Amino acid sequence: MPNFTEETISVAGGNLQVYKGGSGDPLLVLHGAGGNAGPRRYAQALAEKFTVYLPSHPGYGKSDRPGWVETMQDLACFYTWYQEQEGLENARAIGFSMGGWLAAEMLSMTGHAFRKVMLVGAAGIKPNDGEITDIFIISPQQVRELVYHDPAQVPEWDELFGSDPTPEQAQQAEGDREMAIRLTWRPYMHNPRLPAKLGRVSIPTHIVWGENDNLVPVECARLYQQALAGSQVTVIPNCGHSPQIEKPDEFVQAALAFL
Amino acid sequence: MDVFYFTEMPYAEFPESEAEKFPSMRLTFPNTYFDADTASGLMNRYLDEYQYAEEMGFDGLMINEHHNTPSCMDVEVNITGGILARITKQARILMLGNMLPTSDNPVRLAEEIALLDVISGGRIISGFVRGIGIESWANNTNPIHNRERFEECHDLVVKTWTTPGPFRWEGNHYHYRAVNPWMLPVQKPHPPVWVPGTGSPETVEWTARRRYTYAAFLTPLEVAKSLFARYREYAAEDGWEPGPEKFAFMICCHVNDTDEKAQESGKAFLWRMNYPLRGPREYWSPPGYTSRAGAQAVAARRPTPLHELSYEELQERYHLVVGSPDTVIKKLRHIRDELGVGSLLLEAQGGRLSHADTMRSIELFGKEVIPALK
Amino acid sequence: MFLMRFTERAYVNYTEEDVRNSPNEAVRLTFSNSNFDPAEGHYLYNMYLDEYEYSEEVGFDGLMLNEHHNTPTCLGATMNLEAAILARVTKKPKIVLLGNPLPIFDNPIRLAEELAEIDMISGGRLVSGFVRGTGVESLATNTNPLHNRARFEEAHDLVIKTWTTPGPFRWEGDHYHFRVVNPFQTPLQKPHPPVWIPGTGSPETLIWCAERNYPYIFLETDPQGTQDMKAIYAEAAREHGYEPGPENFGYLVRIHVQDTDEKAYDVGKGYMVGNIGVGRIPLPRDYASPVGYGSRSDDPRFLRLREQIRSDPFRVGGLDGAQYDSILDSKRWIIGSPDTVISQLREVLSFMRPGILAVWTNDGSISHEDTMRCLELMGQEVLPALREIGEELELTDPFQKEGVMPGLTAI
């Protein structure tokens, strides 16, 4: 099992918390709106083949928020800065949910960001029929109920949710939620101009979705596919919004095949 | 001592248990429960009552606004403010108030308030509020920016009132190239500004530093006292001493001919203390809306939510004063003496209180209570 | 025929020199509000409200208000507040707002709420007009003029949906984003208050109105050119399956009446004072129509119409160019004794055939006394005569129209 370390580096005038582990080509993993859950089972598996970088976004976890990071486009600017500084340009990347949106914004800004990108249950494009669930107007508990299609099949459930959060963890979760609100409040969880801007992308992209995603409708997988020329789509059956947690084996299999 | 008359203009024309079917009676409680015919009658009834309150001797008429809720039909305090400016003659009009953070156009807001001051001949008191969390949802204003927008919006409104146009404003949240509304307040340098609070320490300081009037809303007496004491400390730091005119206190208050009658009719206020005050934390205080320090301070100060208090407890704690004129006079005097406030803001119509009971109470306030408080 | 009374509620306590000495010699946008005296404003507003209340008494069917920003020519910068007052202090007439400038609003939900509140207080008497606003409105509120028409249309769609669709619902549009549209208050009139659109003949707006069966109110347009504008509307209406009648059109005219022609002629000169309406000192182009505000359509028919609007001497040279007498000769303003006014209006109405007549009774320096006398004579002589003429010419108004009332529903 590869060993992950937690380090803090200085980027753009603030501290950035990064989990790092494994060996091989770099793989940048961008977490979703809910925050950085650390190197879970899927990350461990990926670290067998890649050096996995799993940063906490500015304002999340132990990472500072430089005052200018207000929007998703600001966040994308931050990460291209981070990539240049750490020599992570042209790396492989996986973006989950809001992190998928982040990866897409970066793709729309430069052709040097990534070699290959996987978007998993990505926010960022407004569905035509359904709606992206408003995760701020309901409680974190309700959000969790919507994220997982079948909690019984989540192998790390006890580890993740088995015990009540400590006061520090609760404060942290509150801070993470504030940052998500800052970034995605309006327009909610999407950028109306994103699909058009993705027309520049020529690298391989792979779109992965849980068939039973209750947060970002699976319809958005098709919309991403339309926006990203040559992209492939994998829909994982009997699975909710976070395949990497709910079906880690299937997810890792798809990821390794692509990356 | 000035006494203000206030109603939230509630719409209580449905079984209140319907609220049980939804997360709250606010925000997402469907507007299919709203009947415009009934509301039309109610709005005009409430305006009649305001006119009668002026006639019977209230010094001021207070109005407020909320969104997406049957508990307050006034969605635009400046709309009703405009009407009162025209149909009343001498009462102060206290708007408590305009929600600054949800305003996307502070210049228009400055214009509207100025217009009311102009029409009323300088009778406007301009209250500014942050709005409860629900307003952020209804207007889709990012709660993270609530306090920043409150402050920038305030600065721009006051500058619009006091600096000859045209001027430019390129701020963080607001941007204008030609601020130059052809409408300015009659009162110079600008109408008095009041700010309500329930305990946020930032608000007390902000208000004191600007020498605005601070109005404590439905807080226990001891909390109001400590908030006012904090205000006085800031004032002392800045080298001045606030008089009673810098302090106001808002409660629900109902008077009827006898204590027995009042206790019976006063139960109508329980409607507004119940479902309209309930709902998920996300509605009332979305993440980022309140500073963590502020949230803790408020929680420490008001341990029991109003909707969990009984009719008797509400009265014991002076959230709701009910009784014959003598009883009410005694209790209001107690509040005045305890708090040293210059203004009492009385929500004298609330919940399901009928037109007849409201009119009778206004009459008794005018004939007996207000003269005694003077 | 629907008869409504209008004034821009001018503020005229400044001199031409004040304007000439101001940035770009403009009376709007940048003419400093240090020239505004709130004490005078207090007197004027209440006077104008008194006049509107009296207009109800003399028998007008509607009280029309408008809105402009950063200008002494129109004190209605926050028109909905005046409308709310009229909703409470009058009993019968429609309150006709022509109109709320949709593109400058960042929060159409709040606008929908305000209008619903006015409709409720008035007992269902609101006519809710919408406009794009002049370029000055865009500049005063710092709304990007490039998005003017797109915001107009999106805000309109959102306001109508807010009024007609039970909440809560979400709206993620191009310019507006709301997650919980659910104002508890909806208008008294069902499905919603009628919508009328005023303008000077922009073909895109005419077609947009015709598609929705919204009455179009011509604002002092050249009568000959108006025939072409009506043709554009009618063609679009037919494509949408209906034949427009007088109920689809309104006309705004300055009409002032006094006991004698001579008196009226003298008093009527008051319209020339200040810088009202078409403007004695033309506004800089960048104020009136900033880059991006205007249409870039190259439809030859539209270009011709636009050229016609531009070359109307009444609009272009300003009143200094047009001259009082020539305006009166061309019957663009109707000023005189009751008999004179009635006979001239018969001519105008026969040619224009509007179901809605907006009567701009006074402005500029016309005194309160003269205005009140004008209104009195309107009530005693002019309005009854106009109603007869309306019957005779079959000038049906939207409220008299059988079937679906224009202004309500898209066909």
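This is a predicted model, so every value here is computed, not measured.

Trainee: Account for the interface of chain C and chain B, with residues named and values stated.
Mentor: With 61 residues of chain C at the interface, the matching set in chain B holds 67 residues. Contact between chain C and chain B buries roughly 5800 Å² in total, counting both sides, with carbon and sulfur atoms accounting for 57%. Looking at the side of chain C facing chain B, the largest losses of area belong to Asn33(C), Arg88(C) and Phe184(C), adding up to 16% of the total buried there. Where chain C meets chain B, there are six salt bridges. Residues Arg108(B) and Glu67(C) are paired through a salt bridge, measuring 2.9 Å at the closest nitrogen-oxygen approach. For the pair chain C and chain B, the interface holds 40 residue pairs in polar contact (both at pLDDT 80 or more). Looking at the side of chain C that touches chain B, the elements with two or more residues in it are α2 (38-58), α3 (79-89), α4 (108-122), α5 (135-141) and β6 (177-181) of chain C. When residues of the side of chain C that touches chain B are assigned to their parent elements, the largest contribution, eight residues, is made by α2(C). Counted by class, the side of chain C that touches chain B contains 29 nonpolar, 22 polar and ten charged residues.

Trainee: Got a sec to walk through empty space enclosed by the protein? Specific residues and values, please.
Mentor: Using the criterion set out here, one finds five cavities of 30 Å³ or more in the structure. In terms of lining, the largest cavity is formed by 19 residues, of which the most central are Ser103(B), Asp104(B), Asn105(B), Arg108(B) and Arg110(C). Listing elements by their share of the lining of the largest cavity, those giving two or more residues are β3 (92-99) and α3 (106-120) of chain B together with α4 of chain C. Looking at side-chain class alone, the lining of the largest cavity contains five nonpolar, six polar and eight charged residues. What lines the second largest cavity is a set of ten residues, and nearest its centre among them are Thr221(C), Asp222(C), Met229(C), Ile309(C) and Asp312(C).

Trainee: Now, about the pattern of salt bridges: what can you tell me, with residues and values included?
Mentor: Overall, the coordinates contain 52 salt bridges over all chains when judged by the stated rule. Arg86(B) is paired through a salt bridge with Asp50(C); the nearest N and O atoms lie 2.7 Å apart. Of the two residues, Arg86(B) is situated in helix α2 (residues 77-87) and Asp50(C) in helix α2; the pairing between them involves two chains. Classification of Arg86(B) by relative accessible area gives buried; the value is 10%. The exposure class of Asp50(C) is partly exposed, given its relative accessible area of 34%. Across the pair Glu347(C) and Lys331(C) runs a salt bridge, and its minimum N-O distance is 3.9 Å. Of this pair, Glu347(C) sits in helix α15 (residues 338-352) while Lys331(C) sits in the loop between α14 (324-329) and β10 (333-336), and the two are 16 residues apart along the sequence. One salt-bridge network, held together by shared partners, links Asp257(B), Lys261(B), Arg360(B), Glu363(B) and Lys367(B).

Trainee: Describe the packing of aromatic side chains, naming the residues involved and giving the relevant values.
Mentor: Two aromatic rings, taken as a pair, are described by how far apart their centres are and by the angle between their planes. As enumerated under the stated definition, the model contains 53 aromatic pairs over all chains in all. Between the aromatic rings of Tyr5(B) and Phe58(B), the centroid separation amounts to 5.5 Å while the plane-to-plane angle is 65°, which identifies the pairing as edge-to-face. Placement of the pair is Tyr5(B) in strand β1 (residues 2-7) and Phe58(B) in the loop between α1 (36-55) and β2 (60-63), with a sequence separation of 53 residues. When its relative accessible area of 3% is taken as the criterion, Phe58(B) is described as buried. Between Tyr271(C) and Trp333(C), the aromatic rings sit 5.1 Å apart at their centres with planes inclined by 55°, giving tilted as the arrangement. Here Trp333(C) lies in strand β10 and Tyr271(C) lies in the loop between α9 (261-268) and α10 (285-288), a separation of 62 residues in the sequence. The class for Tyr271(C) is buried, based on a relative accessible area of 0%. One aromatic cluster is present, built from ring pairs that chain together Tyr11(B), Phe14(B), Phe22(B), Phe29(B), Tyr33(B), Phe34(B) and Phe184(C).

Trainee: If you had to explain the environment of Ala348(B) to someone new, which residues and values would you point to?
Mentor: Tracing the sequence through the fold places Ala348(B) in strand β11 (residues 343-349). Excluding its chain neighbours within four sequence positions, the residues that come into contact with Ala348(B) are Tyr5(B), Phe6(B), Cys253(B), Phe269(B), Leu353(B), Ser361(B) and Phe365(B).

Trainee: Any details on the interface of chain B and chain A? Residues and values, ideally.
Mentor: Residue-level contacts link 18 residues of chain B with 16 residues of chain A. Summing both partners gives a buried area of about 1600 Å² for chain B against chain A, and 51% of it is carried by carbon and sulfur. One can count two salt bridges joining chain B with chain A. Summed over the shared surface of chain B and chain A, the result is six residue pairs in polar contact (both at pLDDT 80 or more). Counting residues per element, the ones that place at least two in the side of chain B that touches chain A are α4 (133-139), α10 (281-284) and α11 (292-301) of chain B. Its residues placed into classes, the side of chain B that touches chain A shows six nonpolar, eight polar and four charged.

Trainee: Outline helix α8 (residues 223-239) of chain C, supporting the account with residue identities and numerical values.
Mentor: Residues and elements named next belong to chain C. The end-to-end C-alpha distance of α8, which contains 17 residues, comes to 25 Å, matching closely the 24 Å that a straight helix rising 1.5 Å per residue would cover. Residues Gly225, Thr226, Met229, Lys230, Ile232, Tyr233, Ala234, Ala236 and Ala237 constitute the buried set of α8. Gly241 occupies a position one or two residues after α8 and carries a positive phi of about 85°.

Trainee: Account for the sheet that holds strand β6 (residues 114-120) of chain A, with residues named and values stated.
Mentor: All names here are of chain A. On the basis of which strands lie adjacent, the open sheet formed by eight strands has the order β1-β2-β4-β3-β5-β6-β7-β8 and mixed pairing. Edge positions in the open sheet fall to β1 (4-11) and β8 (232-236), since each of these has one partner strand only. Put simply, the sheet's adjacent strands are angled 20° from each other on average, direction ignored. Both strand β3 (residues 26-30) and strand β4 (residues 51-55) contribute to a ladder of three bridges, which runs parallel. By the bridge assignment, Leu28 is partnered in β4 with Tyr53.

Trainee: Break down the pairing of strand β6 (residues 175-179) of chain B for me, with residues and values.
Mentor: A regular strand places its side chains on the two faces of the sheet in alternate fashion. Residue and element names in this part refer to chain B. Across three bridges, the pairing between strand β5 (residues 167-170) and β6 is antiparallel. In the strand pairing of β6, Phe167 is matched with Val179. Where β5 hands over to β6, the hairpin turn is made up of four residues, counted between the paired strands.

Calculation criteria
Residues numbered from 1 in each chain as written. Chains lettered and ligands numbered in written order. Predicted model: local features only at pLDDT ≥ 70, side-chain atom pairs only at ≥ 80, totals over all residues. Heavy atoms only, no water. Contact = heavy atoms within 4.5 Å. Buried area = accessible area lost by both parts, 1.4 Å probe. Salt bridge = Lys/Arg side-chain N within 4 Å of Asp/Glu carboxyl O. Polar contact = N/O pair within 3.5 Å; in protein donor to acceptor, adjacent residues only side chain to side chain. Helix = DSSP H or I, 4+ residues; strand = E, 2+ residues; numbered from the N terminus. Nonpolar A, V, L, I, M, F, W, Y, C, P; charged D, E, K, R; others polar. 1 Å grid on protein atoms, 1.4 Å probe; cavity = no way out; pocket = protein on both sides within 12 Å on 5 of 7 lines; lining within 4 Å. Points joined across faces, edges and corners; volume = space filled by probe spheres on them. Buried < 20%, exposed > 50% of the residue type's maximum accessible area, 1.4 Å probe, protein only. Phe/Tyr/Trp six-rings, centres within 6.5 Å; stacked < 30°, edge-to-face > 60°. Expected span 1.5 Å × (residues − 1). Pairing = 2+ DSSP bridges. Axes fitted to C-alpha atoms, helices over the stretch in contact; angles between N-to-C directions.

By themselves these figures say nothing about function.
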